[in-house]
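Commentary on secondary and tertiary structure
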4 protein chains.
Amino acid sequence: MSNPITPSSAEPVVTASDPIPVPVNRIPTPAATPPDILRCAYMEIVVTDLAASRKFYVDVLDLVVTEEDEHTVYLRSFEEFIHHNLVLRQGPVAAIAAFSYRVRSPEDLDRAVAFYTELGCRVERRAEGYVKGIGDSVRVEDPLGFPVEFFYDVEHVERLAWRYDLYTPGALVRLDHFNQVTPDVPRAVAHMEDLGFRVTEDIQDEAGTTYAAWMRRKPTVHDTAMTGGDGPRMHHVAFATHEKHNIIAICDKLGALRMSDVIERGPGRHGVSNAFYLYIRDPDGHRIEIYTQDYYTGDPDNPVVTWDVHDNQRRDWWGNAVVPSWYTDASLVLDLDGEPKPVVSRTDDSELEVTIGADGFSYTRKGDDAQGFKLGNTL
Amino acid sequence: MSNPITPSSAEPVVTASDPIPVPVNRIPTPAATPPDILRCAYMEIVVTDLAASRKFYVDVLDLVVTEEDEHTVYLRSFEEFIHHNLVLRQGPVAAIAAFSYRVRSPEDLDRAVAFYTELGCRVERRAEGYVKGIGDSVRVEDPLGFPVEFFYDVEHVERLAWRYDLYTPGALVRLDHFNQVTPDVPRAVAHMEDLGFRVTEDIQDEAGTTYAAWMRRKPTVHDTAMTGGDGPRMHHVAFATHEKHNIIAICDKLGALRMSDVIERGPGRHGVSNAFYLYIRDPDGHRIEIYTQDYYTGDPDNPVVTWDVHDNQRRDWWGNAVVPSWYTDASLVLDLDGEPKPVVSRTDDSELEVTIGADGFSYTRKGDDAQGFKLGNTL
Amino acid sequence: MSNPITPSSAEPVVTASDPIPVPVNRIPTPAATPPDILRCAYMEIVVTDLAASRKFYVDVLDLVVTEEDEHTVYLRSFEEFIHHNLVLRQGPVAAIAAFSYRVRSPEDLDRAVAFYTELGCRVERRAEGYVKGIGDSVRVEDPLGFPVEFFYDVEHVERLAWRYDLYTPGALVRLDHFNQVTPDVPRAVAHMEDLGFRVTEDIQDEAGTTYAAWMRRKPTVHDTAMTGGDGPRMHHVAFATHEKHNIIAICDKLGALRMSDVIERGPGRHGVSNAFYLYIRDPDGHRIEIYTQDYYTGDPDNPVVTWDVHDNQRRDWWGNAVVPSWYTDASLVLDLDGEPKPVVSRTDDSELEVTIGADGFSYTRKGDDAQGFKLGNTL
Amino acid sequence: MSNPITPSSAEPVVTASDPIPVPVNRIPTPAATPPDILRCAYMEIVVTDLAASRKFYVDVLDLVVTEEDEHTVYLRSFEEFIHHNLVLRQGPVAAIAAFSYRVRSPEDLDRAVAFYTELGCRVERRAEGYVKGIGDSVRVEDPLGFPVEFFYDVEHVERLAWRYDLYTPGALVRLDHFNQVTPDVPRAVAHMEDLGFRVTEDIQDEAGTTYAAWMRRKPTVHDTAMTGGDGPRMHHVAFATHEKHNIIAICDKLGALRMSDVIERGPGRHGVSNAFYLYIRDPDGHRIEIYTQDYYTGDPDNPVVTWDVHDNQRRDWWGNAVVPSWYTDASLVLDLDGEPKPVVSRTDDSELEVTIGADGFSYTRKGDDAQGFKLGNTL
């Protein structure tokens, strides 16, 4: 059946499946079955001043400390039952040590080893895990240059969902997604699809250049997104709140603490994902998104939404400006030896350049050249 | 690893897996592979006055009409992309014609046929579907007596998630779950587990009697629940809102329309599921829940939460009374010929009787006999 | 001009001025000019276990401690700039020591003395005040038997409105109103009008019996209300939150603390006042309302809204039951010697009796006898 | 008593009374008693395309039409009981015809005539009113050049507060305040204080230049504000919502209508007033603020809050940029003949210039030169 979809007034194009062209330089699809990934589970972040970072994530953002020692803090969100969603580790260079996914079964670790070994990637496995609370784990340097972890075995801790005596106005309740910067988005997407991810939304231009793509395992808009830019780098890690006022409460608290300058962008409503959002930067500049209310995407034929890069509502539904730092800044990622991965430049068009400033343009209504108060005249 | 879980101050017992005893009279587990169910997708409801029901669901609850004719109205929620989440069909007896689940692929319909045929159930299949917008469908009378449908093929329609020009204060954004009344909960749970469902929460007493169980396919607290009582009957169908104020807005609107007497219970916070809720009754007495903000349950080892039937916060976290009608009233279900199924009485203890009135008791704090303002003295 | 008002679908009758009949037994209007009252400012409450009460108001309700000593705790709300809105004082009998109003100028204290002296009331004045933080004060036993205080001079403290680092999910931001129980409502209203109050809403029956009246100085629905019943007693004192979710957060926290039995009624939407509300009881049974979002009433011709006592939406817009304790329980008040005032019985009809149970009836729609799920069958 | 106030971490200076220096060129204080103003009541706006403006205010912003004809639309907010809060009148030049205040009694019109006559202003009075729904009215060209109206007699209409069947997600419930642009703020403040207004907050620099001041009659942060700039012009008129999510809903709807370019600034949290805000521009460029949750200011010694013009959180508590148009654009005002008033340039320092761009600087923390992501590098 699957009749043509009624055109939406919201103008992005809706298609039945991933509209991103398969690149000629695609990473080969392994014959091995990929591991069955449940969800993004935690990120391991290297911070240069653990006390400052602990203050930011615990005293300001109110994440819950599961466990900590002199060098490391293990944090989780209020509705989490696994040991942690974020590991802060003291180190010499601010960077990302692991994007970690939980898989469906212990056997999926074997699958991960076979999958990445076939791809010629560096693969390590530690039965005792790399961090506290996690058992048998596989870490790889994936074909895109990112340090990716897979695990099943994990310590269960109290799910604090009902502990309203502990909630704060801006309580973070779930890890929602990662966001990665990579030079060639179609190449990255093709690989992630091999790994079992599905595209839910993307940004393209009329020439077919893809600027970003959102991909999911759990049935939300994403477990990770690929953002076009110099990479491999980590763009942000996102936590969810229950409601929009929780995100506003975080902004209000940052103002009261005279820390409003850590707010980089937002709060606002995304076009892509339809979620309400805020971007802040931690003491090392690592970017954190606070995010709420995207939509269910779990059906295999979930419609894919493609946004025009010139649509001024694609990244902020209200047309508010994206600050340049949001496009240019990102965190280094580490290889399995803990050394920063070299960054490769994007050669495709830059979203910043095609949409902001002298060379770029954006529209609120397709075909309407009118520029609003917020375009071109903000200092 | 999976260490013992820290006891929660919220007192329900958390276990690693379904703590419901397997009954001796269990329905045999078929050798056939069950269909891979994605999610509860829609309910077909027979109403005795279509105009009155249309007014209730469309003018009051603001569900979106996808399509309608003289005898039938097809309704969906704002974030839905399939043809409908609710079918209202004019008929002689108010009852439920189908609990319909979407499956992962067309092949899952073959699996459904084999699964239920092996169980000796009545099974029908229609390539053109039973209702508009849905293609090839299987309908069965399941071993518990419920009319259950499976389908994959469906017409796509506009997902109105971004259509804030159409939103109303109480906008319903997703179908969340069904709730079924059945005499023997452990027997029903064992069957639903055979069908691939997983228990997330349940209510038991110290003697091991199970009063209700919540089960999911999609990673929320449930796609359906089994509530102990005279059955097979339909207890309620639930739609989700984005935030709690949306549910309050529905109550406020019902007051403004002088329809507050359709509010049966709530709004309140559930203990089970941790969601914010409201129960209302449609013109035929079919019960609708409005629901928001439960939690992610998608990991295979998601902790199962067992509540004590005497815990006064299990069904309302604030200890507000459950009205007797909520326990006693439910909708008839139809067999595949459209005849009401006979109702079988529950023989296990009744939750109403063990918790309310002269024979029952409930506690706010275990071991504390104090009765609050709301217990025992409400007229 | 003042044309006839369009009848509201909400059915209460709207009139241009106070429709409450002046009683034959009215308290004489003094020739003296009454003090110019700004607003209800604080209540002094005697509690029998100061530690328990401190825990309730500070640790559970998150009121701010301005100052405290062994016998007394001074509390304020987040947006307050005067020393306190609530004084908890340890004493032998749970009761109310003062309903305290702030007046516009020091000279208004002289007016208060003259006004109540003319009425033959007991009047005291203390230049140093009765409690910390307050200077020159007048206390009277008013003609209705209540201990009432007037003051202008007060210590200013930090208004914590911007201190979002201190806010909790259920932050109380303002003292909103008092509510007093008195046997003869029209007599009380006539006196309060002499004191400068204006009626905003009231509840009457078809025979002209007045069951309750709301009266204001500041332009909200009330600074105090008179509730018909055995009195003089204190029905409740109310604090405001910013939004509805803040009130829900208080309920959720009470659940998490296994204190849900302190919730007496609500949360809900009032008919009268249109505010969102919750009633809880402190360790001595003193009743606290949490309240948000009534409307501006500051114009001298603000329409007065009269509700039918049989209108089931008058006290809860959603028609949810009022528990009997809410009608029958109230706190004793003290005379100026600190002795409990004798309670005089109401002789007019009782709202509880005319609306609940065998002798009473209520309607959702005038002229419609249909009883909903919530009427008559709640245990 | 009135002890020194504890310094707030929020850093603005709190003083017991208006800290704005009285200017040497002040407008003389009349000997006549000023009219007793209740509140800002409505604004009369001249629009150049009535159909376009009606669409904006009625179809997009959901204001309620009380009455309309070919040339004029009378609009009110949901909780209003007087005939209108906004008059849209078709005319040749987009401009403001009246800032209208309601006074306490008919006699206050005589006082208004005497007050402005003594000041040498042009004064007119029409017993039948200038617009529908309003009776006896006085209009003046005030000493600052603004067209100001005073009235008491007004037609009452249904207060729609309880009409939740009519509410939309972004329902505007009250007219909150005006905001006027004038070259010399201290001179304007001195005059408005003569008229009975009180300052609640202001923005100054270390040299004593005053950039803006907020003044109230009703006990909110303001009925009008004086913003330093070329004037007399109208900066904005503000309507209140109940909660923050209502303002977000307006933004979301504007996005859905592809009208996001009418969003000029926000949403955000103000430093001044502590309210949550949004600024939009109507089809003629008239600026509308949507506003919620400032604080009670009704006590005569309400603390005055003075913000440093260099404090980057003064106008947006989150430090988000103020767009230049917000400083530079404003609406013309009309004299009593309907002719636009000439605009006089501000000679004091400009807030835009001292805070934005090459010549300006702002701080998040006093004494901290660090520039955040949002300062200086937004394109």
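Criteria and cut-off values
Residues numbered from 1 in each chain as written. Chains lettered and ligands numbered in written order. Predicted model: local features only at pLDDT ≥ 70, side-chain atom pairs only at ≥ 80, totals over all residues. Heavy atoms only, no water. UniProt positions renumbered as here; feature names shortened; annotations may be inferred. Helix = DSSP H or I, 4+ residues; strand = E, 2+ residues; numbered from the N terminus. Rg over C-alpha atoms; globule rule 2.2 N^0.38 Å. Areas by Shrake-Rupley, 256 points an atom, 1.4 Å probe, with all protein chains shown as cover. Lys, Arg positive; Asp, Glu negative; His and termini not counted. Charge placed at Lys NZ, Arg CZ, Asp CG, Glu CD. Least-squares fit on C-alpha atoms with pLDDT ≥ 70 in both. Contact = heavy atoms within 4.5 Å. Core = buried A, V, L, I, M, F, W, Y, C linked by side-chain atoms within 4.5 Å. Buried < 20%, exposed > 50% of the residue type's maximum accessible area, 1.4 Å probe, protein only. Axes fitted to C-alpha atoms, helices over the stretch in contact; angles between N-to-C directions. Parallel < 35°, antiparallel > 145°, perpendicular 65-115°, else oblique. Nonpolar A, V, L, I, M, F, W, Y, C, P; charged D, E, K, R; others polar. 1 Å grid on protein atoms, 1.4 Å probe; cavity = no way out; pocket = protein on both sides within 12 Å on 5 of 7 lines; lining within 4 Å. Points joined across faces, edges and corners; volume = space filled by probe spheres on them. Buried area = accessible area lost by both parts, 1.4 Å probe. Salt bridge = Lys/Arg side-chain N within 4 Å of Asp/Glu carboxyl O. Polar contact = N/O pair within 3.5 Å; in protein donor to acceptor, adjacent residues only side chain to side chain. pLDDT = per-residue confidence, 0-100. Pairing = 2+ DSSP bridges.

- In the annotation of an unreviewed UniProt entry, chain A is listed under the name 3,4-dihydroxyphenylacetate 2,3-dioxygenase and assigned to Plantibacter flavus.
- Under the Sequence similarities (unreviewed entry) heading, UniProt states for chain A: "Belongs to the extradiol ring-cleavage dioxygenase family."

Considerations on the overall build of chain A
- When its secondary structure is counted, chain A shows six helices and 19 strands.
- Scaling as 2.2 N^0.38, a compact globule of 379 residues should have a C-alpha radius of gyration of about 21 Å, and chain A matches this with 20 Å.
- For chain A, the spread of C-alpha atoms along the principal axes amounts to about 60 × 55 × 45 Å.
- Carbon and sulfur atoms provide 51% of the accessible area of chain A, an area that totals close to 11500 Å².
- Considering chain A, the positive charge centre built from 37 side chains and the negative charge centre built from 61 side chains are found 3 Å apart.

A look at the relation of the copies chain D and chain C
- With an RMSD of 0.0 Å, the operation that places chain D on chain C is a rotation of 180° combined with a shift of 0.0 Å along the axis. Taken together, the turn and the small shift mark the pair as related by a two-fold rotation axis. The rotation axis passes nearest to the C-alpha of E243(D) in chain D, at a distance of 3.1 Å.
- Both copies share a contact surface, since 98% of the interface residues of chain D are interface residues in chain C too.

A look at the nonpolar core
- Core analysis: the largest hydrophobic core is formed by 186 residues, its most contacted members being Y57(A), F150(A), Y57(D) and F150(D).
- Apart from the residues lying within four places of it in its own chain, the contact partners of Y57(A) are I45(A), D62(A), L63(A), L75(A), L86(A), L88(A), D282(A), H286(A) and I288(A).
- Y167(A), W318(B), F146(C) and M192(C) belong to the second largest nonpolar core, which has 185 residues in total.

Here's the deal with the packing of helix α4 (residues 244-256) of chain B against helix α4 (residues 244-256) of chain C
- Running from amino to carboxyl end, α4(B) crosses α4(C) at an angle of 105°, the nearest separation of the two axes being 10 Å. By the angle between their directions, the pair α4(B) and α4(C) is classed as roughly perpendicular. For the pair α4(B) and α4(C), the contacting residues are K244(B), H245(B) and I248(B) in the first and K244(C), H245(C) and I248(C) in the second.
- Looking at side-chain class alone, the contact of α4(B) with α4(C) contains two nonpolar, two polar and two charged residues.

Brief notes about the UniProt feature "domain: VOC" (unreviewed entry) in chain A
- Sites flagged by UniProt as "domain: VOC" (unreviewed entry) map to residues 39-153 and 174-293 of chain A.
- As a span, residues 174-293 of chain A carries 19% helix and 46% strand, and end to end its C-alpha atoms are 12 Å apart.

Remarks on the layout of surface pockets
- Taken as a whole, the largest pocket encloses approximately 830 Å³ of empty space.
- If you trace the largest pocket, you find 46 residues lining it, with T168(A), P169(A), T168(C), P169(C) and G170(C) closest to the centre.
- The set of elements that each furnish at least two residues to the lining of the largest pocket consists of α4 (244-256) of chain A together with α4 of chain C.

Quick notes on the interface of chain A and chain B
- With 56 residues of chain A in contact, the opposing surface of chain B contributes 57 residues.
- In this assembly, chain A packs against chain B so that about 4700 Å² is buried in total across both faces, 53% of it on carbon and sulfur atoms.
- There are eight salt bridges connecting chain A and chain B.
- Of the charged contacts, one joins K244(B) and E243(A) as a salt bridge, the two residues approaching to 3.2 Å between their closest N and O atoms.
- Seen at the junction of chain A and chain B, the total is 24 residue pairs in polar contact (both at pLDDT 80 or more).

A word on the interface of chain D and chain C
- Contacts between the two partners involve 56 residues from chain D and, on the opposite side, 55 residues from chain C.
- At the boundary of chain D and chain C, one finds eight salt bridges.
- Of the charged contacts in the structure, one is a salt bridge between D299(D) and R39(C), with a shortest N-O distance of 2.9 Å.
- The interface formed by chain D and chain C holds 24 residue pairs in polar contact (both at pLDDT 80 or more) in total.
- Elements supplying a minimum of two residues to the side of chain D that touches chain C: β2 (37-47) and β18 (304-308) of chain D.
- When grouped by side-chain class, the residues that make up the side of chain D that touches chain C number 23 nonpolar, 15 polar and 18 charged.

Side note on the relation of the copies chain A and chain B
- With an RMSD of 0.0 Å, the fit of chain A onto chain B corresponds to turning through 180° and sliding 0.0 Å along the axis.
- Comparing contact sets, 100% of the residues at the interface of chain A also lie at the interface in chain B, consistent with an isologous, same-surface contact.

Brief notes about the confidence of the model for chain A
- Looking at chain A, the pLDDT average stands at 93 and 94% of residues meet or exceed 70.
- Low pLDDT, under 50, characterises residues 1-10 of chain A; the stretch is placed with 28 contacts to residues that sit more than four places away or in other chains.

Quick word on unusual backbone geometry
Residues and elements named next belong to chain D.
- The peptide bond linking G231 to P232 adopts the cis configuration, its omega dihedral lying at 10°.
- Its place among the elements puts P232 in the loop between β13 (224-228) and β14 (233-240).
- Following G266, the chain continues into P267 via a peptide bond in cis, with omega recorded as 5°.
- Position of P267 among the secondary structure elements: in strand β15 (residues 263-269).
- Located in the positive-phi region is R258, a residue other than glycine, with phi close to 55°.
- You can see R258 is positioned in the loop between α4 (244-256) and β15.

Digging into the environment of E353(D)
All names here are of chain D.
- Mapped onto the fold, E353 is located in helix α6 (residues 351-355).
- Of the residues examined, E353 reaches a relative accessible area of 52% and is grouped as exposed.
- Distance in space between the C-alpha atoms of E353 and Y327 is 9.8 Å, their sequence separation being 26 residues.

Details of the side chain of D301(C)
- Tracing the sequence through the fold places D301(C) in the loop between β17 (287-292) and β18 (304-308).
- You can call D301(C) buried: its relative accessible area is 10%.
- Side-chain polar atoms of D301(C) contact the side chain of R102(D), separated by 2.7 Å.
- With residues up to four places along the chain from it excluded, the contact list for D301(C) reads A16(C), F81(D), R102(D), Y152(D) and H156(D).

Side note on helix α3 (residues 185-194) of chain C
Residues and elements named next belong to chain C.
- The element α3 is largely enclosed, with a buried count of eight among its ten residues.
- Considered for burial, the residues of α3 that qualify are V185, P186, A188, V189, A190, H191, M192 and D194.
- Between a side-chain oxygen at the N-terminus of α3 and the backbone nitrogen of R187 the separation is 3.1 Å; the capping residue is D184.
- One or two positions beyond α3, positive phi appears at G196, with a value near 105°.

Brief notes about the environment of T227(C)
All names here are of chain C.
- Following the sequence through the fold, T227 ends up in strand β13 (residues 224-228).
- The exposure class assigned to T227 is buried, which follows from its relative accessible area of 7%.
- C-alpha of T227 to C-alpha of V181: the two residues are 46 residues apart in sequence and 4.7 Å apart in space.
- Beyond its immediate chain neighbours, meaning those up to four positions away, T227 contacts N179, Q180, V181, T182, V185, Y211, A212 and H235.

Considering the pattern of salt bridges
- Within this structure, the stated rule accounts for 140 salt bridges over all chains.
- For E67(B), the salt bridge goes to K132(B), with nearest N and O atoms at 3.7 Å. Taken as a pair, E67(B) in strand β3 (residues 64-68) and K132(B) in the loop between β7 (123-126) and β8 (137-141) lie far apart in primary sequence, 65 residues in all.
- Classification of K132(B) by relative accessible area gives partly exposed; the value is 33%.
- A salt bridge links E124(C) to R122(C), with the shortest nitrogen-to-oxygen separation between them at 3.3 Å.
- When its relative accessible area of 24% is taken as the criterion, E124(C) is described as partly exposed.

Points about the pairing of strand β14 (residues 233-240) of chain B
Residues and elements named next belong to chain B.
- Within β14, eight of the eight residues are buried, leaving the element largely enclosed by the surrounding structure.
- Strand direction decides the pairing type here: strand β10 (residues 174-182) and β14, joined by seven bridges, are antiparallel. Bridge pairing links R174 to A240 in β14.
- Here β14 runs beside strand β19 (residues 331-333); their pairing, made up of two bridges, is antiparallel. Considered in β19, the bridge of R233 is made with L332.
- When β14 meets strand β17 (residues 287-292), the two strands line up parallel, connected through four bridges. Note that in β17 the partner of A238 across the bridge is E289.

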